[in-house]
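# Observations on the three-dimensional arrangement
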Amino acid sequence: MKKLQWDQIGIMNMNYLFYTLDYFLDAARDMGVKNVNLWAANPHLHLEDGTDEDFQAVGEKMKERGLRCFCVCPEQVVYPFNIAAEDAMIRRRSITAMKRAVKLCRILGSPLLHICPGWGFYDKPDGLKLAWELSRDAMIEIGKAAAEEGITLALEPLQIVESNLVGDIASAKKMLDEVASDHVKLLVDTCHMAVKGENLEDYFRTFGKDLVHIHLNESGQVPWGYGNLPLETYVSQLEEYEFEGTITLEVCARRHYIDPNKTVRNGVDMVRKAICG
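A brief report on the enclosed structure follows. (Residues numbered from 1 in each chain as written. Predicted model: local features only at pLDDT ≥ 70, side-chain atom pairs only at ≥ 80, totals over all residues. Heavy atoms only, no water.)

## Quick look at the overall build of the chain
The number of helices and strands found in the chain is nine helices and eight strands. In terms of C-alpha radius of gyration, the chain reaches 18 Å, essentially the compact-globule figure of 19 Å for 277 residues. For the chain, the spread of C-alpha atoms along the three principal axes comes to 50 × 45 × 35 Å. Considering only contacts in the chain between residues 6 or more positions apart, those separated by 24 or more positions represent 80%. Just so you have it, the chain exposes about 11,800 Å², and 51% of that area is on carbon and sulfur atoms. A distance of 2 Å separates the average location of the 31 positive side-chain charges in the chain from that of its 41 negative side-chain charges. (Helix = DSSP H or I, 4+ residues; strand = E, 2+ residues; numbered from the N terminus. Rg over C-alpha atoms; globule rule 2.2 N^0.38 Å. Contact = heavy atoms within 4.5 Å. Areas by Shrake-Rupley, 256 points an atom, 1.4 Å probe, with all protein chains shown as cover. Lys, Arg positive; Asp, Glu negative; His and termini not counted. Charge placed at Lys NZ, Arg CZ, Asp CG, Glu CD.)

This is how it looks when you write it as structure tokens:
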């Protein structure tokens, strides 16, 4: 059994939406976290508005604080990006933005780019086949751009409130098989997984080393200590399967956006204790 290492753990700035990026980066440093999963969206950094110089400036801010970016997560749910969109303009804009995110990864030295499957219209069940094909073909295209830069896409299965395309083991396996790229792998969110009644063991048995990133999340995507998921069990399973990838502690529950440092620190301390004792 291979022990998890603290330097596999990072936090994300999404729940610091109402604070400056500098405030978040200072918080990460002060909590003893070494890694950042960069949520790329306004007001911190927008893919379409940001210049290469802006990207480089963010990298310098991280470096000054002894942090590294181990994943870039462009906002793809509430922003107008949908790689499976029937509207050709929206889809092309989305693909272009994800290719821009590949460049952001290169500038920041991030090995991973978080990719979401997009969605098809929920009132057009007959259109899901088209949406699936549009999503798959977009991932193939973006994956080729990522491969040229040595970046890996990490596809996340989502809940039905975010996507009706990839949401469980079966659909994730089907999508990865059809994309068939060494540069498109899998990301698993333990909150989404638990909602579906799935478990980490089944993901490891199905995907093995193609599981490259974990969102180690509580129920309702609150910080650890405010929900009811089994942190110790997850840590034990990650160690049992000798997971060597990276792990983000993500918070998406907006009530924890108001005073993020207090609740995030509590979650970080819980995970540190579970890993390091």
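## A word on the side chain of serine 171
Relative to the elements of secondary structure, serine 171 occurs in helix H5 (residues 169–179). A relative accessible area of 13% places serine 171 in the buried class. Discounting residues that sit within four places of it in the chain, serine 171 has contacts with Trp132, Leu165 and Val166. (Buried < 20%, exposed > 50% of the residue type's maximum accessible area, 1.4 Å probe, protein only.)

## Topic: the nonpolar core
With 77 residues, the main nonpolar core has Ile11, Leu38, Leu104, Leu211, Ile214, Leu216 and Val271 as its most contacted residues. The element contributing the most residues to this core is helix H3 (residues 88–108), with eight residues. With sequence-adjacent residues up to four places away left out, leucine 211 is seen in contact with Leu186, Leu187, Val188, Tyr203, Phe204 and Phe243. Ranked by size, the runner-up nonpolar core spans seven residues in total, among them Met12, Leu17, Trp39 and Tyr257. (Core = buried A, V, L, I, M, F, W, Y, C linked by side-chain atoms within 4.5 Å.)

## Digging into the pattern of salt bridges
Going through the model one piece at a time under the given rule, you end up with 23 salt bridges. Arginine 92 is the salt-bridge partner of glutamate 141, the closest N and O atoms lying 3.0 Å from each other. Of this pair, glutamate 141 sits in helix H4 (residues 128–149) while arginine 92 sits in helix H3; the two residues are 49 residues apart in sequence, bridging distant segments of the chain. Look at arginine 92 and you get partly exposed, because its relative accessible area is 38%. The residue glutamate 133 makes a salt bridge to lysine 129 at a minimum N-O spacing of 2.6 Å. Separated by four residues within a single helix, glutamate 133 and lysine 129 lie in helix H4, roughly one turn from each other. Given the relative accessible area of 25%, glutamate 133 is considered partly exposed. In this structure, a network of salt bridges that share partners links the residues Asp22, Asp26, Arg29, Asp30, Lys61 and Arg65. (Salt bridge = Lys/Arg side-chain N within 4 Å of Asp/Glu carboxyl O.)

## Some points on the environment of aspartate 7
Relative to the elements of secondary structure, aspartate 7 occurs in the segment before strand S1 (9–12). With a relative accessible area of 40%, aspartate 7 lands in the partly exposed category. Sequence-distant contacts of aspartate 7, defined by excluding residues within four places in its chain, comprise Lys34, Asn35 and Arg68.

## A word on empty space enclosed by the protein
Within the structure shown, the criterion is met by three cavities of 30 Å³ or more. Estimates place the volume of the largest cavity at around 100 Å³. Looking at the largest cavity, it is lined by 15 residues, and the ones nearest its centre are Pro223, Trp224, Leu249, Glu250 and Val251. At the level of elements, S1 and helix H9 (260–276) are the ones that each hand at least two residues to the lining of the largest cavity. Here the element with the most residues in the lining of the largest cavity is H9; it accounts for three residues. (1 Å grid on protein atoms, 1.4 Å probe; cavity = no way out; pocket = protein on both sides within 12 Å on 5 of 7 lines; lining within 4 Å. Points joined across faces, edges and corners; volume = space filled by probe spheres on them.)

## Observations concerning unusual backbone geometry
Look at the link from asparagine 42 to proline 43: it is a cis peptide, with omega at 10°. Within the secondary structure, proline 43 is located in the loop between strand S2 (35–40) and helix H2 (52–64). Despite not being glycine, glutamine 221 shows a phi value in the positive range, around 55°. Note that glutamine 221 resides in the loop between strand S7 (211–215) and helix H8 (231–240).

## Examining H8
When we look at burial in H8, the residues that qualify are Leu231, Tyr234, Val235, Gln237, Leu238 and Glu239. Structurally, H8 contributes buried residues whose contacts are with helix H6 (190–195), helix H7 (200–207), S7, strand S8 (246–249) and H9. Downstream of H8 by a residue or two, glutamate 242 has a phi angle that is positive, lying close to 50°.

## A few points about the packing of H7 against H8
Look at H7 against H8: their axes get within 10 Å of each other, and the N-to-C directions meet at 20°. The angle between H7 and H8 places the two elements in the roughly parallel class. Helix-helix and strand crossings are classified by hand; for H7 and H8 the assignment is right-handed. Residues Leu200, Glu201 and Phe204 of H7 pack against Tyr234, Gln237, Leu238 and Glu240 of H8. (Axes fitted to C-alpha atoms, helices over the stretch in contact; angles between N-to-C directions. Parallel < 35°, antiparallel > 145°, perpendicular 65-115°, else oblique. Left-handed = near helix turned anticlockwise from the far one by under 90°.)

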